[in-house]
Amino acid sequence: MSDQFDYNGFIATFKAQAQDLEDALSQNKAPDTGTIDQLSASTTKLRGRVNEVVAAGHLPAYDQRLCEERVASLEGSLAKFRANAKSKPKFSFKSSINTKPTTSNSSNSNAPTAPGVGLASKQPSTTTATTKISINNHNHKSLTFADAEGWDSSGSNSAQCVVITIGGLSDCFVDLASGTSPNVNALHIQGLKRTVLYAGKIQGSVLLHDCVECTIIVSTHQFRMHTSNATDVYLEVSSNPVIEKCNNIRFGSYPSKGGTTTAVEPPRSEISGDALPYAVQDFDWMGATPSPNWSVIDSTTFQLPITASSDSLDLILNKLLPDRRP
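Throughout, a residue's number is its position along its own chain's written sequence, starting from 1. Side-chain atom pairs in this predicted model are given and counted only at pLDDT of 80 or more, local residue features only at pLDDT of at least 70, and totals for whole chains, interfaces and linings cover all residues. The basis for every side-chain value is the complete set of heavy atoms in the structure, and neither hydrogens nor water enter the calculation.

Naming follows an unreviewed UniProt entry, where the protein appears as C-CAP/cofactor C-like domain-containing protein of Rhizoctonia solani. UniProt positions are given in the numbering used here, feature names are shortened, and annotations may be inferred rather than shown by experiment. Under the UniProt heading Sequence similarities (unreviewed entry), the note attached to the protein is "Belongs to the TBCC family." For the protein, the Subcellular location (unreviewed entry) comment in UniProt is given as "Cytoplasm".

This is how it looks when you write it as structure tokens:
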């Protein structure tokens, strides 16, 4: 390592490499061992680079924590993939048929089939189908799964993995949580304005782009928000949420069903992640002080579940959309 450490260059390179690895993991829900080994090698290399810079004393404690947490998250995801790959059973079927021909049975075409014969062809498929549906280009509407393109209203989607794309909405309420919901594996959102999204529980990841003056209510495994502003997020998440190129984002806890959420904004000096059950990571802010791009949500109260009809749509929007008045 040279004596002149390029801090900005390291941060930019680290973010780009980590993002590439995270994208690869999110796009490969069941990678083979070769892909896992390749991603693992890249993650190990990234870990080594972070350790090298930390050992040289080039990173402040805050930056060190963010980098190490991001690499640890990658390592944890890879460990889960590797464990799942190893746990897949390998089936083999052995026929109990005596391969030696016998005189008494050689001409008997009606003889019963020996146990095990044809068993492989009768095994039901364990592959889960993935259905892609979308809710796009609506204005001032209350929307549910019934409004999604590609959605099977007969209910056959309920046993499938579903990837939902939502985009081009303004002044809408989207309810994905009420009634019988499918197993949603991923939720991709882009271009929402003044829209309340009540997503409920998403089994996989949530990715948002270009949301303005919206309210997002979701429980998920991974949450990432890009190029958004003036948006409130009520979130339950099993990994730390990430924002990038965002501003004026407010976070609050996801309310329990049938319960009420009330959050009061603490003094700015206390906002370090301790005020929430997760630590928000802002990839555009690597300073030692808290990011100015997000805060804990101020005093707001509402109760789940939330339902809206065309008559009550404006009431829902007025109550739940962010109020940025001084």
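K.L.:
Could you give an account of the state of the cysteines, naming the residues involved and the relevant values?
P.N.:
By definition, disulfides here are pairs of cysteine sulfur atoms that lie within 2.5 Å. Scanning all chains against the criterion turns up 0 disulfides. Looking at the unpaired Cys172, the closest cysteine sulfur is the one in Cys214, lying at 9.8 Å. Among the cysteines around Cys246, which has no disulfide bond, Cys211 carries the closest sulfur, lying 8.7 Å off.

K.L.:
Can you explain the confidence of the model for the protein? Please cite residues and give values.
P.N.:
Per-residue confidence for the protein gives a mean pLDDT of 77; residues scoring 70 or more make up 72%. Across the protein, the element-wise mean pLDDT spans from 40 in helix α4 (residues 119-122) up to 95 in strand β10 (residues 229-237). Scored between 0 and 100, pLDDT is the confidence that the predictor attaches to each residue. Contacts are residue-level and defined by heavy atoms, with any inter-residue pair within 4.5 Å sufficient. Here residues 99-127 is a poorly scored stretch, pLDDT under 50, and it has 8 contacts once near neighbours within four places are set aside; other chains count. Taken together, the stretch residues 259-273 has pLDDT below 50 and engages in 40 contacts with residues farther than four places along the chain or on a different chain. Strands are runs of DSSP state E lasting at least two residues, helices are runs of H or I lasting at least four, and both sets are numbered from the N terminus onward.

K.L.:
Summarise empty space enclosed by the protein; cite the residues concerned and give the values.
P.N.:
Residues are called lining when one of their atoms sits within 4 Å of a cavity or pocket point, these points coming from a 1 Å grid over the protein atoms alone, where a cavity is a set in which a 1.4 Å probe fits but cannot get out and a pocket is an open set with protein on both sides within 12 Å along at least five of seven lines. Grid points are joined across faces, edges and corners, and a volume is the space filled by probe spheres set on the points. Summed over the entire model, instances satisfying the criterion amount to 1 cavity of 30 Å³ or more. Approximately 50 Å³ is the volume found for the largest cavity. In this structure, the largest cavity is lined by Phe14, Lys15, Leu66, Cys67, Arg70, Phe283 and Met286. Taken together, the elements giving at least two residues each to the lining of the largest cavity come down to α1 (7-27) and α3 (61-87). Looking at the lining of the largest cavity element by element, the count peaks at 3 residues for α3. The residue inventory of the lining of the largest cavity, partitioned by class, reads 5 nonpolar, no polar and 2 charged. By the convention adopted, Pro, Cys, Tyr, Trp, Phe, Met, Ile, Leu, Val and Ala count as nonpolar, Lys, Arg, Asp and Glu as charged, and the other residues, Gly among them, as polar.

K.L.:
Quick rundown of the pairing of β10? Include the residues and the values.
P.N.:
For β10, a buried count of 7 out of 9 residues is recorded, marking the element as mostly surrounded by other parts of the structure. By the bridge criterion, 6 bridges tie strand β8 (residues 215-220) to β10 in an arrangement that is parallel. Bridging across to β10, Thr215 finds its partner in Asp232. Alignment of β10 against strand β12 (residues 247-253), held across 6 bridges, turns out to be parallel. Residue pairing for β12: Asn229 is matched across the bridge by Asn247. A 1.4 Å probe rolled over the protein chains alone gives each residue an accessible area, and that area as a share of the maximum for its type sets the label: buried under 20%, exposed over 50%, partly exposed in between. When DSSP finds two or more bridges between two strands, those strands count as paired.

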